[in-house]
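So you can see what is in the structure, the chains are spelled out below.
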Amino acid sequence: MTQQGVRWTAEQVLALAPDAASRKAGSKLGAAGPWSEAGSSDEGTVWGLCKGSGSKPYQTVIDIADAAGPAYKCSCPSRKFPCKHALGLLLLWADGEGAVPPAQAPDWAEQWIKGRRQRAEEKRTAGASGSSSASGDPEAARRRAERRAARVTAGATELEQRLADLLRGGLAGAEQAGYGMWEETAARMVDAQAPGLAARVRELGAIPASGPGWPVRLLEECALLHLLDQGWLRREGLPDALSDTVRSRVGLPASADGPPVRDRWLVLAQYDTADVKLTTRRIWLYGADSGRTALLLSYGAAGRAPELALPVGLVLEAEVAAFPGAGQLRASLGEQFAPPAPTSIRPPGVTTAEATARYGQALRDDPWLDSVPVTLDRVVPTPDGDSWQLADADADTALPLTPAARARPGLWRLVSLSGGGPVKVFGECGHRGFTPLTAWPQGEGEAVRLC
């Protein structure tokens, strides 16, 4: 099938928007009015000129067939990725061939596409040769790994002492000391090259201000941090898979070393989280043939969306390789054999009781796991006092929604989609409750993004 035979829906296009403002602005540009010389090719390229506030129109070009999701180039000054012009052009393309007909790409679009694909090929070639050269000096790599491990060990030992001092002095001291104590400890973990420990320490600092019951939550998180410290300090005695999990949780880098799995991967969900330094994008995939669930992570500097973007509800035939670690679902996207395409595939669902059991089982492999990906079948969003829950339509059980989910506009999209009836919902199930990310109506219907 050529790219011309594949048309996305407007919702699938807007799922690529980096934020609500871009979604709104892109929607306004999804009509033919501001566009001229728009066209598309069988190779998966879409381009066009968009009239802006200046004398020259913005040149926008998109490579839909890129293996890492759509790639964009626009002459506008926006720092958002994709910008509103790219979203508008994709919406125009999704509406049919009338506004974006098959054509010969102009020179400015052709040059960008050729340059991008040439760089991608050079990167693959360099990566292959780089792997060969790296394996050629294993002794130097071993010494670097030993030096970093020694720093992490020193940091974990210091953190153990600080946790002991906190418990010896009483948890009330944490509230009086304020956030500065935790930030200083986190900085020490950064110096020890243990970013995973640093992140968990920063989370501890926010707990005393989190409302009633904070001492219990602080004690729980301190216990998990102590467990992670001890896991690192005694890693030589752990099973290999659990040792890999500890290394990952501490923050040591790892490479996808599992055998590539070729499958038709359904894009279940995509969402971003951000702090002052980094934007992290999480993309959940479901293998239609293998039945596996995989998590892709990509990163962007603060204020910029990561480059990897896959439209929710589409399916792509590609290879995915797993990262090491017990119970770890993180994977790396490899070669893509066809561009993302519409599909009727849906993941199989479980009951709310089975979802909580699945989380409990996952904790045996990874005690620091906040949640697991789960698809709930035939659940109904219902109010529960001041909160909401997903009630099993065929049993007297329910899962509460997390506080974060209750505050998102996606809750009302879910309620509207349900209309009081059962729906299929994919999300993350953990000790704080369930966070819905994507939903499907009963019978026929497209995926609805909730995040």
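Values in this document were obtained by computation on a predicted structure and should not be read as measured data.

Looking only at helices and strands, the chain has 13 helices and 15 strands in total. With respect to the principal axes defined by its C-alpha atoms, the chain has extents near 70 × 60 × 45 Å. Partitioning the intrachain contacts of the chain with sequence separation of at least 6 by distance along the chain shows that 62% fall at a separation of at least 24. Taken as a whole, the chain presents about 21800 Å² of accessible surface, with 53% of it coming from carbon and sulfur. Once the 50 positive and 52 negative side-chain charges of the chain are each reduced to a mean point, those two points are 5 Å apart.

Domain boundaries assigned for the chain yield domain 1 (10–129), domain 2 (138–250), domain 3 (261–342) and domain 4 (352–449). Spacing between the C-alpha centres of domain 2 and domain 3 amounts to 28 Å. Taken together, both faces of the contact between domain 2 and domain 3 bury some 340 Å²; the carbon and sulfur share is 51%. At the boundary of domain 2 and domain 3, one finds zero salt bridges. Inspection of the domain 2/domain 3 interface yields two residue pairs in polar contact (both at pLDDT 80 or more). The residue inventory of the side of domain 2 that touches domain 3, partitioned by class, reads two nonpolar, two polar and one charged.

Taken together, six strands build an open sheet; the order of strands is 12-11-10-13-14-15 and the sheet is antiparallel. Both outer strands of the open sheet, strand 12 (398–400) and strand 15 (448–449), are each paired with one neighbouring strand and no more. In terms of strand pairing, strand 10 (residues 371–384) meets strand 13 (residues 423–430) through seven bridges, oriented antiparallel. Looking across to strand 13, one finds that V379 is bridged to V423.

All of the buried residues in helix 13 (residues 410–418) are G410, L411, L414 and S418. Each buried residue of helix 13 sits inside an arc of 110° when the element is viewed along its axis, so together they form one side. Opposite the buried face of helix 13, by more than 90 degrees, sit the exposed residues W412 and S416. Buried-residue contacts for helix 13 involve strand 10, strand 11 (387–392), helix 12 (403–406), strand 13 and strand 14 (433–441). Positive backbone phi, approximately 60°, marks G419, located one or two places after helix 13.

Turning to the pattern of salt bridges, a few remarks are in order. A complete count under the given rule lists 15 salt bridges for this structure. A salt bridge links R188 to E158; its shortest N-O distance comes to 2.9 Å. Here R188 is found in helix 7 (residues 179–191), whereas its partner E158 is found in helix 5 (residues 138–169), with 30 residues between them in sequence. Here E183 ties to R202 by a salt bridge, and the two come within 3.5 Å at their closest N and O atoms. One end of the pair, E183, is in helix 7; the other, R202, is in helix 8 (residues 195–206), and 19 residues separate them in sequence. Taking relative accessible area as the criterion, R202 reaches 31% and is therefore assigned partly exposed. Several salt bridges converge on common partners, so that one network encompasses E139, R142, R143 and E146.

Mapped onto the elements, S418 comes out in helix 13. You can call S418 buried: its relative accessible area is 10%. One polar contact links the side chain of S418 to the main-chain carbonyl oxygen of G421, over a distance of 2.5 Å. Apart from residues lying up to four places away in sequence, S418 is in contact with V380, P381 and V423.

All right, on to the nonpolar core then. Core analysis: the largest hydrophobic core is formed by 30 residues, its most contacted members being W8, Y72, L90 and W93. Mapped onto this core, the elements with two or more residues apiece are helix 1 (10–14), strand 1 (35–40), strand 2 (45–50), strand 3 (58–63), strand 4 (71–74) and helix 3 (84–94). Considering every element that reaches this core, the biggest residue donor is helix 3, with eight residues. When residues are assigned to domains, this core turns out to be shared by domain 1 (10–129) and domain 3 (261–342), each giving three or more. Not counting the four nearest positions on each side in its chain, L90 is found in contact with W8, V13, L16, I62, I64 and Y72. Judged by nonpolar contacts, the second largest core, of 27 residues, contains L163, A194, I207 and W214.

This paragraph deals with unusual backbone geometry. Phi is positive for E37, which is not a glycine, with a value near 55°. Inspection of the secondary structure assignment puts E37 in strand 1. Positive phi, normally seen in glycine, also occurs at Q193, with a value near 60°.

The next thing to look at is the sheet that holds strand 7 (residues 293–301). Spatial strand order, 7-6-5-8-9: five strands in an open sheet with antiparallel pairing. Two strands in the sheet have a free side with no partner beyond their single neighbour: strand 7 and strand 9 (331–336). Neighbour-to-neighbour, the strand axes of the sheet open up by a mean angle of 45°, direction not taken into account. Across nine bridges, strand 6 (residues 278–287) lies against strand 7 in antiparallel orientation. Each bridged residue has a counterpart across the sheet, and for T280 the counterpart in strand 7 is Y299.

Reading the values: the criteria
Residues numbered from 1 in each chain as written. Predicted model: local features only at pLDDT ≥ 70, side-chain atom pairs only at ≥ 80, totals over all residues. Heavy atoms only, no water. Helix = DSSP H or I, 4+ residues; strand = E, 2+ residues; numbered from the N terminus. Contact = heavy atoms within 4.5 Å. Areas by Shrake-Rupley, 256 points an atom, 1.4 Å probe, with all protein chains shown as cover. Lys, Arg positive; Asp, Glu negative; His and termini not counted. Charge placed at Lys NZ, Arg CZ, Asp CG, Glu CD. Domains from an automatic or database assignment. Buried area = accessible area lost by both parts, 1.4 Å probe. Salt bridge = Lys/Arg side-chain N within 4 Å of Asp/Glu carboxyl O. Polar contact = N/O pair within 3.5 Å; in protein donor to acceptor, adjacent residues only side chain to side chain. Nonpolar A, V, L, I, M, F, W, Y, C, P; charged D, E, K, R; others polar. Pairing = 2+ DSSP bridges. Buried < 20%, exposed > 50% of the residue type's maximum accessible area, 1.4 Å probe, protein only. Arc of directions from axis to C-beta. Core = buried A, V, L, I, M, F, W, Y, C linked by side-chain atoms within 4.5 Å. Axes fitted to C-alpha atoms, helices over the stretch in contact; angles between N-to-C directions.

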